[in-house]
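The residues making up each chain are set out below.
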Amino acid sequence: MKQSSSQHSIVILIAILASLLGGCATRLMLYPELARSMEARHPPVPLSQHQAQKVVVKNDSGQELHGLLFESAGDFGTVMVSGGNAMSRAHTLEYYRSLLGHGFRLLVFSFQGYDENEGHAELTSLIGDAAAYHAYLKSSYPSEGIAYMGHSISSAVALCLPLRVGTFSAIIVEGAFDPKAIAYTKLKQLWYLFPLYPILLPIAVAVSATVPDELDVTKCVAAYRDIPIMFVHHPYDTVTPFASAFDLFSRYRGDKQFLIPRYSAPPQYHTSLQNDMSIQSEIIRFLQARLLAQPQ
């Protein structure tokens, strides 16, 4: 009876925490205001040699979103790119500028609540936001392939979006993690706080509970196997643990690659792609082989 009462108390505590922390996963994983402040302090370098056209779409909630499409004569296929939880659209473009000018278009976007996009940032909107841009590309270029490259929180969107929109020509993820599991992963890293686990574990449960099921990446990567996927992850990344990313890679049963950047200058292990020319070249070849070789 005592054990049953104790278990019941834990359930109640978890329910209370989930209620008090309603939407806590969004607050922990999305930082649109930080993205704005970082852009104000460190404006991205203008890419004047590349011309972009504004792409305006509406997501599931009717919120208006603004992306930038870079296109040159003769381009075939499009790569969608979105950044981490504190990256503006302009900084995402700067981070992925190595993808410009290689025979395919580049569509750079951010999510609801970021930049001038309408609405408030919500984990529940991410898949629908990306799906709106995907629908635009399918309508505008119906016979051409689409790839998606996402960093950090966008990796979850990239890996789960196929369950909503169907197949992609390719997916590339850097700093991948499962939002549903990240709270438990971080808790394991804090093993030295074991005496506090009775308090911390219910919080981890509450955080996981507020992540939408459509961002359950562990389940997503097991649900399809027809898309070539490239994982890029630095072994010293402390933001999104290497072991967790490799576990996702191992679970995927389709065509896959795992690249390890060699750039080593802490604390930027989570955003090391920009400094590794070899990895950039591998990514471009990967995309060209899958976007330019054959119509979809």
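Please read all numbers here as calculations on a predicted model, not as lab measurements. (Residues numbered from 1 in each chain as written. Predicted model: local features only at pLDDT ≥ 70, side-chain atom pairs only at ≥ 80, totals over all residues. Heavy atoms only, no water.)

S.K.: Just to check I follow, could you spell out a nonpolar patch on the surface for this structure?
M.R.: Side chains of L28, Y31, L34 and M38 sit close together on the surface and give an oily, nonpolar patch of about 320 Å² of accessible area. L28 gets classed as partly exposed once you look at its relative accessible area, which sits at 48%. (Patch = residues over 30% accessible without salt bridge, like charges linked within 9 Å, V, L, I, M, F, W, Y side chains within 5 Å. Areas by Shrake-Rupley, 256 points an atom, 1.4 Å probe, with all protein chains shown as cover. Salt bridge = Lys/Arg side-chain N within 4 Å of Asp/Glu carboxyl O. Buried < 20%, exposed > 50% of the residue type's maximum accessible area, 1.4 Å probe, protein only.)

S.K.: Sorry, what's going on with the state of the cysteines here?
M.R.: Here, disulfide denotes a covalent bond that connects the sulfur atoms of two cysteines. Per the stated rule, a full pass over the model turns up one disulfide. There is a disulfide in this structure between C160 and C220, and the S-S distance comes to 2.2 Å. The S-S bond linking C160 to C220 shows a torsion near 105 degrees; that makes this disulfide right-handed. Of this pair, C160 sits in helix α6 (residues 153–160) while C220 sits in helix α10 (residues 217–220); the two residues are 60 residues apart in sequence, bridging distant segments of the chain. C220 gets classed as buried once you look at its relative accessible area, which sits at 3%. (Disulfide = S-S within 2.5 Å. Helix = DSSP H or I, 4+ residues; strand = E, 2+ residues; numbered from the N terminus.)

S.K.: I tried to follow the sheet that holds strand β5 (residues 146–151) on my own but got confused; where do I start?
M.R.: Backbone-to-backbone hydrogen bonds pair the strands of a sheet. The strands run either parallel or antiparallel. One open sheet accounts for eight strands, arranged β1-β2-β4-β3-β5-β6-β7-β8; its pairing is mixed. Either end of the sheet is taken by a strand with one partner, and the two such strands are β1 (52–58) and β8 (256–259). Each adjacent strand pair in this sheet contributes to an overall mean axis angle of 20 degrees, direction not counted. Summarising the sheet, strand β2 (residues 64–70) and strand β4 (residues 105–108) pair through three bridges and their orientation is antiparallel. Its bridge partner lying in β4, L68 is registered against V108. Running over the sheet, helix α5 (residues 126–140) touches β1, β2, β3 (78–82), β4 and β5 and is turned about 120 degrees from β1. Where helix α12 (residues 277–291) meets the sheet, its contacts fall on β3, β5, β6 (170–174), β7 (229–232) and β8, and the angle it forms with β6 comes to roughly 160 degrees. (Pairing = 2+ DSSP bridges. Axes fitted to C-alpha atoms, helices over the stretch in contact; angles between N-to-C directions. Contact = heavy atoms within 4.5 Å.)

Keep in mind that these numbers describe shape and distance, not what the molecule does.
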